[in-house]
Amino acid sequence: GRTLYVTNELALTLAAFRWDADAGTLALIATLPLVDRRPAGEATAAHVEVAPSGRFAYATVRGPDELVVMALDPATGAPSPVQRVATGGRWPRHFALDPTGRLLLVANQRSGTVVA
């Protein structure tokens, strides 16, 4: 309810914004690169989702085919990278967390797979 996370598809970054409900405005908190360096060839940022606990956010990056795990600061909502995990396929299109936040399923478009 207080923070909005957006993947910047072509820039390969994640932007975090603070929501001010009274003013109806967003203010940029942070922009985080989703890759250490731009990969060769085709690459885009994709889906972003916050865990049910609110402690972590996840974003997929197509090209390197990774899921980026970020810790979320409880006071500010600012993300910080924790780890990168291979999606187990090519070109992650979408992912879903189960309601407990313990299982994450990634749909990989170009390999036609769903990986937990």
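See the structure above.
Engineer: Give a description of the overall build of the chain that names residues and reports values.
Structural biologist: Check the secondary structure of the chain and you find zero helices and ten strands. When the helices and strands of the chain are listed from N to C terminus, the series reads β-β-β-β-β-β-β-β-β-β. For 116 residues, the compact-globule formula gives about 13 Å, and the C-alpha radius of gyration of the chain, at 14 Å, lands near that figure. Judged by the C-alpha coordinates and their principal axes, the chain covers about 45 × 35 × 25 Å.

Engineer: Could you give an account of the sheet that holds strand E9 (residues 104-108), with specific residues and numbers?
Structural biologist: The three strands are arranged E8-E9-E10 in an open sheet whose pairing can be described as antiparallel. The open sheet terminates on both sides in strands that have one partner only, identified here as strand E8 (92-97) and strand E10 (113-115). For this sheet, the mean angle separating the axes of adjacent strands, direction not counted, is 20°. Sheet topology places E8 next to E9; five bridges connect them, and they run antiparallel. By the bridge assignment, Pro92 is partnered in E9 with Asn108.

Reading guide: rules and limits
- Residues numbered from 1 in each chain as written.
- Predicted model: local features only at pLDDT ≥ 70, side-chain atom pairs only at ≥ 80, totals over all residues.
- Heavy atoms only, no water.
- Helix = DSSP H or I, 4+ residues; strand = E, 2+ residues; numbered from the N terminus.
- Rg over C-alpha atoms; globule rule 2.2 N^0.38 Å.
- Pairing = 2+ DSSP bridges.
- Axes fitted to C-alpha atoms, helices over the stretch in contact; angles between N-to-C directions.

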